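Fold and contact review
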Amino acid sequence: MNKIDTLIHRRADDRRMTAQACVSRILRNAKARGVDISVVGSLAKNRFRVHSDVDLLVHGRTDPARRAMVERLVADQLRGTNIPYDLIFASDVSSERVQELLNDSV
């Protein structure tokens, strides 16, 4: 492995560890508020790289107040990390899509 590959690998590892720490806090805070969230996508599959984002599947009802609370909770934890995220509300997609997302997660 050359120097640039080593640097990219180290940055990817640092970014993944940051994402995992943030997601751990998100899941803990969400659970305390009665919100069930699943990690899906590259972070769940241990394929998180330098340019990956965090994908979160939010289960349950999504009235405007609850949706705003979840959006704030996630934004607060990831602010300043330069890690983008996608919030997928299960109520916004088909049950088949939800199952696909969950099947692809670990």
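Our subject in this report is the structure included herewith. (Residues numbered from 1 in each chain as written. Predicted model: local features only at pLDDT ≥ 70, side-chain atom pairs only at ≥ 80, totals over all residues. Heavy atoms only, no water.)

1. Quick notes on the overall build of the protein
In plain terms, the rule: The way it works is that DSSP assigns letters per residue, a run of H or I at least four long becomes a helix, a run of E at least two long becomes a strand, and they are numbered from the N terminus. Only protein chains enter the accessibility calculation, which uses a 1.4 Å probe; a residue is then buried when its area is under 20% of its type maximum, exposed when over 50%, and partly exposed in between. Contact between two residues is taken to exist if any of their heavy atoms lie within 4.5 Å; hydrogens are not considered. All accessibility values rest on the Shrake-Rupley procedure with a 1.4 Å probe; residue burial counts only the protein chains present in the view. In this tally Asp and Glu are treated as negative and Lys and Arg as positive; neither His nor the chain ends contributes. Here the site of a charge means NZ on Lys, CZ on Arg, CG on Asp, or CD on Glu.
Along the backbone of the protein there are three helices and three strands. Listing every helix and strand of the protein by position from the N terminus yields α-β-β-α-β-α. Principal-axis analysis of the C-alpha atoms gives the protein an extent of 50 × 30 × 15 Å. Taken over 106 residues, the protein has a buried fraction of 40%. Taking as baseline every contact in the protein between residues at least 6 positions apart, the subset at least 24 positions apart corresponds to 63%. Accessible surface, the protein: about 6600 Å² in total, of which carbon and sulfur atoms supply 49%. Of note, the protein has its 18 positive side-chain charges centred 7 Å away from the centre of its 14 negative side-chain charges.

2. Here we look at the nonpolar core
Most often, soluble globular proteins have nonpolar side chains that are buried together. Rules: To form a nonpolar core, buried Ala, Val, Leu, Ile, Met, Phe, Trp, Tyr and Cys residues must be joined to one another through side-chain atoms within 4.5 Å.
Core analysis: the biggest nonpolar cluster contains 22 residues, and Ile37, Val54, Leu56, Val70 and Val74 have the highest contact counts within it. Of all elements in the fold, only α1 (3-32), β1 (37-40), β2 (54-58), α2 (64-78) and β3 (85-89) reach the threshold of two or more residues within this core. Residue contacts for leucine 56: discarding those within four places in its chain leaves Val23, Ile26, Ile37, Ser38, Val39, Val40, Val74, Asp86, Leu87 and Ile88. In terms of nonpolar packing, the next biggest core, distinct from the first, is built from six residues, Leu57, Ile88, Ala90 and Leu101 among them.

3. Quick word on the packing of α1 against α2
Selection rule: Under this scheme, a helix contributes an axis fitted over its contacting stretch, all axes are lines through C-alpha atoms, and angles between N-to-C directions fall in the 0 to 180 degree range. Here the angle decides the label: under 35 degrees means roughly parallel, over 145 means roughly antiparallel, 65 to 115 means roughly perpendicular, and every other value means oblique. In this scheme the handedness of a crossing depends on how the near helix is turned from the far one: anticlockwise by less than a right angle means left-handed, clockwise means right-handed. Under the scheme applied, nonpolar residues are Ala, Val, Leu, Ile, Met, Phe, Trp, Tyr, Cys and Pro; charged residues are Asp, Glu, Lys and Arg; polar residues are all the others, including Gly.
Between α1 and α2, the least distance of the axes is 9 Å, while the angle of their chain directions is 150 degrees. When the axes of α1 and α2 are compared, the pair comes out roughly antiparallel. Classified by chirality, the crossing of α2 by α1 is right-handed. Contacts from Cys22, Arg25, Ile26, Asn29 and Ala30 in α1 reach Leu73, Val74, Gln77 and Leu78 in α2. Partitioned by chemical class, the residues of the contact of α1 with α2 number six nonpolar, two polar and one charged.

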